[in-house]
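This is what each chain is made of:
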Amino acid sequence: MHEPHAGGAGAPLLAVRDLHAWYGESHILHGMDFEVRPGEVATLLGRNGAGKTTTLKAIMGMVGRRTGSVVFEGGETIRMPSNRIARAGIAYCPEERGIFASLTVAENLVLPPVIRPGGLTLAEVHELFPRLQERADSQGTKLSGGEQQMLAIARILRTGSTLLLLDEPTEGLAPVIVQHIGTILHRLKERGFTILLVEQNFHFAAGVADRHHVVEHGRVVDCVPNSQASTATLQGYLGV
Amino acid sequence: MVTFFGVPIQALMGQLLLGLINGASYAVLSLGLALIFGLLNIINFAHGAQYMMGAFVAWMLLTYAGINYWLALLVAPLVVGLFGVLIERLLLHRLYKLDHLYGLLLTFGLALIMEGLFRQAYGISGQSYDPPQMLQGGVNLGFMFLPLYRGWVVVVALAVCLAVWAGIEKTRLGALLRAATENPALVRAFGVNVPLLITGTYGFGAALAAFAGVLAAPLYSINPLMGSNIIIIVFAVVVIGGMGSILGSVLTGFGLGLVEGLTKVFYPEASSTVIFVIMAIVLLIKPAGLFGRAN
Ligand SMILES: Nc1ncnc2c1ncn2[C@@H]1O[C@H](COP(=O)(O)OP(=O)(O)O)[C@@H](O)[C@H]1O
Ligand SMILES: [Mg+2]
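Report follows, based on the coordinates.

Rules used in this analysis
- Residues numbered from 1 in each chain as written.
- Chains lettered and ligands numbered in written order.
- Predicted model: local features only at pLDDT ≥ 70, side-chain atom pairs only at ≥ 80, totals over all residues.
- Heavy atoms only, no water.
- Helix = DSSP H or I, 4+ residues; strand = E, 2+ residues; numbered from the N terminus.
- Rg over C-alpha atoms; globule rule 2.2 N^0.38 Å.
- Buried < 20%, exposed > 50% of the residue type's maximum accessible area, 1.4 Å probe, protein only.
- Areas by Shrake-Rupley, 256 points an atom, 1.4 Å probe, with all protein chains shown as cover.
- Lys, Arg positive; Asp, Glu negative; His and termini not counted.
- Charge placed at Lys NZ, Arg CZ, Asp CG, Glu CD.
- Expected span 1.5 Å × (residues − 1).
- Donors = N, O, S within 2.8 Å, 3.2 Å for Na, K, Ca; no water.
- Contact = heavy atoms within 4.5 Å.
- Salt bridge = Lys/Arg side-chain N within 4 Å of Asp/Glu carboxyl O.
- Near = heavy atom within 4 Å.
- Polar contact = N/O pair within 3.5 Å; in protein donor to acceptor, adjacent residues only side chain to side chain.
- Nonpolar A, V, L, I, M, F, W, Y, C, P; charged D, E, K, R; others polar.
- Phe/Tyr/Trp six-rings, centres within 6.5 Å; stacked < 30°, edge-to-face > 60°.
- Buried area = accessible area lost by both parts, 1.4 Å probe.

1. Here's the deal with the overall build of chain B
Reasoning step 1: What chain B contains, in helices and strands, is 11 helices and 4 strands.
Reasoning step 2: Scaling as 2.2 N^0.38, a compact globule of 295 residues should have a C-alpha radius of gyration of about 19 Å, and chain B matches this with 19 Å.
Reasoning step 3: The principal-axis extents of the C-alpha atoms in chain B amount to approximately 65 × 50 × 35 Å.
Reasoning step 4: Counting across all 295 residues of chain B, residues that qualify as buried make up 50%.
Reasoning step 5: For chain B, the accessible area works out to roughly 13500 Å², and carbon and sulfur atoms hold 71% of it.
Reasoning step 6: With 12 positive and 8 negative side-chain charges, chain B shows a separation of 10 Å between the mean positions of the two kinds.

See the structure below:
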């Protein structure tokens, strides 16, 4: 699905360099450095408060101030407002899910504008998430936690964005639903999506990811291919 | 003579119609206020001045350019709407990062300036504006005489309110607006130009106020203070209906117009205060307003 892009073969889809971010006076990210390659599932792992959510928000241009470089498909996005970053092809699924209470499930699902061709059709989205079709006319926030998470993921698949930023999609969900989300991520990867996944659940991350970046105090302190990720070292980082 | 609780039915119907007409203005004005408050979180104190400008622009179009009522119904809201767009782009826009109080103060100041300018130019004696030929005169309904123009005002105001409500509840643009009212940052991160949506909403709210002003022009004398007279009541309507509730503000607008009319019949002394009494009671019992969601 993904076209070859500027920078030639082997170039990363997303390259984050020396990214700093602030909320007001608080300096939260202290020079994040990492890449996401086309077609892979990469994670940001780390304890609560390490700066994982802030990293995704900084990539989307949703923090107060940011410096450094965020190159997507060969183009610099650091000076763009968040609506233009989204239109460049990055889709965001927030930690708090962000389902709109004043919209029905169906309205929530088609809210994000299609920015270019190549995304899933509505029929394909319904095939992946049949529950969303059954509950189409319900108020968005009347769905269960798991269904809301599905909706939050589903609505960004239609847009034609190639890179999905998913912030803790398994947080607070029952094991069977976590497993289901794992299956979905595998299918999205097969479909050609590139995924940057924020997780605290290492077992889940190990089941879907190609590479892990460990985040501590607003920096990437380690980068481990999934094949070499030992549960012991990563759980040490995560403090579990 | 037919009477109702001792009141001649003619008089009752007449007051109810007056109530409906006032209610129509309340509804259209509070609709715009609610829209603006929902998305911008600003209480638009310039709303009354924008209503007054609508009436004045219609009068100026007729007086200086010979442009008739029907065209003015389109052109005056357009002019005042564009003026609103300018205000949002140049001034309000800079205040969103600060407390909402600053937006309120700014729009209050703008209202005073606009009123002052029109007072300077036209005094406060007021200008008159004739209803269009087609809507002069009236029909006898048997139980009462209905001036055509008044009937038209009620119908067209209802239609506009319904259309705006449908636009917000049933269209994609409306869904974007509702979503941006809840979480503008996220809607923007989906690729929607939310600042443009905000500018458009403020302009549209101002245009709605101007539309109400044009409707009112043939009913009342057009004077620079007409906005501040009505807007105090409209603020009460919005508080009673619930800040930011679209349907609530429309229903409350018409409802309170009727209540005001009935009060004029049965207890005239209270007719100018009844809305504020209701506001106080609603604030005590349901502070979020009759249709508001507490948060
Ligand atoms: N809106 C905000 N304003 C100020 N500080 C914030 C805000 N959001 C997060 N922080 C702070 O930034 C740090 C990183 O938070 P976050 O990125 O949410 O961590 P994580 O997602 O890794 O748990 C924390 O110390 C948190 O308190
Ligand atoms: Mg987080």
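The structure having been displayed, the exposition proceeds.
2. A few points about helix α1 (residues 9-40) of chain B
Reasoning step 1: Between the first and last C-alpha of α1 of chain B there are 45 Å, a value that for 32 residues agrees with the 46 Å anticipated at 1.5 Å per step.
Reasoning step 2: Just downstream of α1 of chain B lies Asn-41 of chain B, where phi reads positive at about 60°.

3. Overview of the coordination of the magnesium ion (ligand 2)
All names here are of chain A.
Reasoning step 1: Protein-derived ligands of the magnesium ion (ligand 2) are Thr-53 (OG1) and Glu-95 (OE), with the metal-ligand distances lying across 2.0 to 2.5 Å. Placement of the pair is Thr-53 in helix α1 (residues 52-60) and Glu-95 in the loop between β6 (90-93) and α3 (105-110), with a sequence separation of 42 residues.
Reasoning step 2: For Glu-95, a relative accessible area of 22% translates into the label partly exposed.

4. Overview of the environment of Arg-158 of chain A
Residues and elements named next belong to chain A.
Reasoning step 1: Mapped onto the secondary structure, Arg-158 falls in the loop between α6 (145-154) and β7 (163-167).
Reasoning step 2: The exposure class of Arg-158 is buried, given its relative accessible area of 15%.
Reasoning step 3: With 43 residues separating them along the chain, Arg-158 and Asn-201 place their C-alpha atoms 27 Å apart.
Reasoning step 4: Contact partners of Arg-158, with chain neighbours within four places excluded, come to Leu-109, Val-110, Pro-112, Val-114, Gly-119, Leu-120, Leu-122 and Val-125.

5. A look at the pattern of salt bridges
Residues and elements named next belong to chain A.
Reasoning step 1: As enumerated under the stated definition, the model contains 12 salt bridges over all chains in all.
Reasoning step 2: A salt bridge links Glu-124 to Arg-191; the nearest nitrogen and oxygen atoms lie 3.5 Å apart. Placement of the pair is Glu-124 in helix α4 (residues 122-128) and Arg-191 in the loop between α7 (175-190) and β8 (194-199), with a sequence separation of 67 residues.
Reasoning step 3: When its relative accessible area of 28% is taken as the criterion, Arg-191 is described as partly exposed.
Reasoning step 4: It is possible to trace a salt-bridge network through shared partners that takes in Arg-131, Glu-134, Arg-135 and Glu-147.

6. Notes on the site of ligand 1
Residue and element names in this part refer to chain A.
Reasoning step 1: With respect to spatial proximity, the complete set of residues near ligand 1 consists of Tyr-23, Ile-28, Arg-47, Asn-48, Gly-49, Ala-50, Gly-51, Lys-52, Thr-53 and Thr-54.
Reasoning step 2: In this structure, Asn-48 approaches ligand 1 through a side-chain N or O atom, which is 3.5 Å from an oxygen atom.
Reasoning step 3: Sort the elements by how many residues they give to the shell around ligand 1 and α1 lands first, with 3 residues.
Reasoning step 4: Looking at the shell around ligand 1, its residues break down into 3 nonpolar, 5 polar and 2 charged.

7. As for the packing of aromatic side chains
The way to describe two aromatic rings as a pair is by their centre distance and the angle between their planes.
All names here are of chain B.
Reasoning step 1: Counted according to the given criterion, the structure contains 12 aromatic pairs over all chains.
Reasoning step 2: With a centroid separation of 6.2 Å and 85° between ring planes, the pair formed by Phe-56 and Trp-59 is classed as edge-to-face. A residue pair is termed a helical-turn pair when its members lie 3 or 4 positions apart in one helix, as Phe-56 and Trp-59 do in helix α2 (residues 47-65) at 3 residues. Trp-59 shares its class with Phe-56; the two are buried.

8. Here's the deal with the interface of chain A and chain B
Reasoning step 1: On the chain B side, the residues contacting the 22 residues of chain A number 17 residues.
Reasoning step 2: Summed over both partners, the interface of chain A with chain B buries about 1700 Å², with 60% contributed by carbon and sulfur atoms.
Reasoning step 3: Three residues, Asn-83, Phe-100 and Leu-111 of chain A, lead the burial of chain A against chain B; their summed loss comes to 32% of the area buried on that side.
Reasoning step 4: Applying the counting criterion to the chain A and chain B interface returns 1 salt bridge.
Reasoning step 5: Close ionic contact of Arg-178 of chain B with Glu-107 of chain A constitutes a salt bridge, the shortest N to O distance being 2.8 Å.
Reasoning step 6: Between chain A and chain B we count 8 residue pairs in polar contact (both at pLDDT 80 or more) in total.
Reasoning step 7: Looking at the side of chain A that touches chain B, the elements that each hand over two or more residues are α2 (82-88) and α3 of chain A.
Reasoning step 8: With 4 residues, α2 of chain A is the single largest residue contributor to the side of chain A that touches chain B.

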